[in-house]
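# Results of the structural survey
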Amino acid sequence: MKPYYADDQVTLYHGDCLEITDWLAADVLVTDPPYGRAWRQGDLGPAHPRNAASLDGIANDADTTVRDRALHLWGSNRPAMSFGDLTLAPPAGVKLTAVYQKDNTCGLRGAIGGVRRDAEAIYFLGKGWGSGIGGRSSVFITSARVSSAAGIVARHGGHPHTKPGDVMEQLLELCPDGVVADPFAGSGSTLVAARNLGRKAIGVELEERYCELIAKRLDQMALDFGAMS
Ligand SMILES: C[S@@+](CC[C@H](N)C(=O)[O-])C[C@H]1O[C@@H](n2cnc3c(N)ncnc32)[C@H](O)[C@@H]1O
């Protein structure tokens, strides 16, 4: 199948990752699948404008079926990291649950007992992670402002679940060498982080509007790099 976007490092396919399986040729999986909680952004008032994407929610987000099918295709013998909702069942075969901690503008509205929903799970799955005495915390903190109104969603033009580049780079730095796969590419944060770190990556994204967003981000990086060199 012809890629939607390709350069020396990143290849992106537009379509269903359960049908387009080129990503299975990668060496490590780092992905952020639909959470499985039928997410929609609430109305936060005029200071927090919603866009079409946040009103529509995320494709295949009714449950964790698509996540689990993609992880099954990847298999349990190779390294994988998958984000997930801490209130839902984890995928099969989790080796470690780490935490992505968002900034203090996040999760205010969904608070329970006054405690914000400002964290997500990062599941480490499969083999090839190494062992021994741990060197770092299992909590991954971002220095980016994540909340949808003023943060990275606005800057990147409209994916409601964009992950911050600093967290993606911290994760990729822990991964074994080789090509990175993200079959639920969204706005392309994994692909952008991989390129920043000089790694090759293969992505798949179901929605064309997000493929367009990813291609723009990657093209912009190439322009910025060209301007510097
Ligand atoms: C949680 S978002 C990923 C966000 C991404 N980590 C980022 O930083 O922008 C999940 C993405 O998976 C996509 N998706 C859902 N089902 C898919 C499928 N079967 N194949 C490929 N992409 C899919 C959705 O359109 C959505 O953009």
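As shown above, the structure is provided for reference.
Now for a description of the structure that goes with this document. The structure presented is a predicted model; accordingly, all values stated were derived computationally and were not measured.

### Describing the site of the ligand
Lining the immediate environment of the ligand, one finds 24 residues, of which Asp-32, Phe-184, Gly-186, Ser-187 and Ser-189 sit closest. Of the residues that constitute the shell around the ligand, the class distribution is 12 nonpolar, seven polar and five charged.

### Some points on the environment of Met-168
Mapped onto the fold, Met-168 is located in helix α4 (residues 165–174). Between the C-alpha atom of Met-168 and that of Val-192, which follows or precedes it by 24 residues, the distance is 8.9 Å.

### A look at the sheet that holds strand β1 (residues 5–6)
What the nine strands build is an open sheet, ordered β1-β2-β9-β8-β3-β4-β6-β5-β7; its pairing is mixed. Each edge of the open sheet carries a strand with a single partner, namely β1 and β7 (139–141). Sheet topology note: the strand β8 (residues 180–182)/strand β9 (residues 201–205) ladder contains three bridges and is parallel. Paired with Asp-182 across the two strands is Gly-203, which belongs to β9. Sheet strands in contact with helix α2 (residues 65–74) are β3 (28–31), β4 (80–84) and β6 (119–125), and its direction is about 175° off that of β4.

### A look at unusual backbone geometry
Of all residues except glycine, most have a negative phi; of all peptide bonds, most are trans. A positive phi angle is found at Ala-38, which is not glycine, with a value near 50°. Inspection of the secondary structure puts Ala-38 in the loop between β3 and α1 (52–56). Notably, Asn-60 is not glycine yet its phi reads approximately 60°, a positive angle. Checked against the element boundaries, Asn-60 lands in the loop between α1 and α2.

### Description of the pairing of β3
Burial of the side chains of β3 extends over both faces: Val-28 and Val-30 are buried on one face and Leu-29 and Thr-31 on the other. Sheet topology note: the β3/β8 ladder contains two bridges and is parallel. Bridge pairing in β8 places Leu-29 opposite Ala-181. Note: β3 against β4, three bridges, orientation parallel. Note on β4: the bridge partner recorded for Val-30 is Met-81.

### Re the environment of Val-66
With respect to the helices, strands and loops of the structure, Val-66 is situated in helix α2. Residue classification places Val-66 among the buried positions, given that 21 C-beta atoms sit within 10 Å. For the pair Val-66 and Tyr-35, spaced 31 residues apart in sequence, the C-alpha separation works out to 9.6 Å. Among all residues touching Val-66, those that are not within four sequence positions of it are Pro-33, Pro-34 and Asn-60.

Conventions we followed
- Residues numbered from 1 in each chain as written.
- Predicted model: local features only at pLDDT ≥ 70, side-chain atom pairs only at ≥ 80, totals over all residues.
- Near = placed C-beta within 6 Å.
- Nonpolar A, V, L, I, M, F, W, Y, C, P; charged D, E, K, R; others polar.
- Helix = DSSP H or I, 4+ residues; strand = E, 2+ residues; numbered from the N terminus.
- Pairing = 2+ DSSP bridges.
- Contact = placed C-beta atoms within 7 Å.
- Axes fitted to C-alpha atoms, helices over the stretch in contact; angles between N-to-C directions.
- Buried ≥ 20, exposed ≤ 12 C-beta atoms within 10 Å, placed from the backbone.

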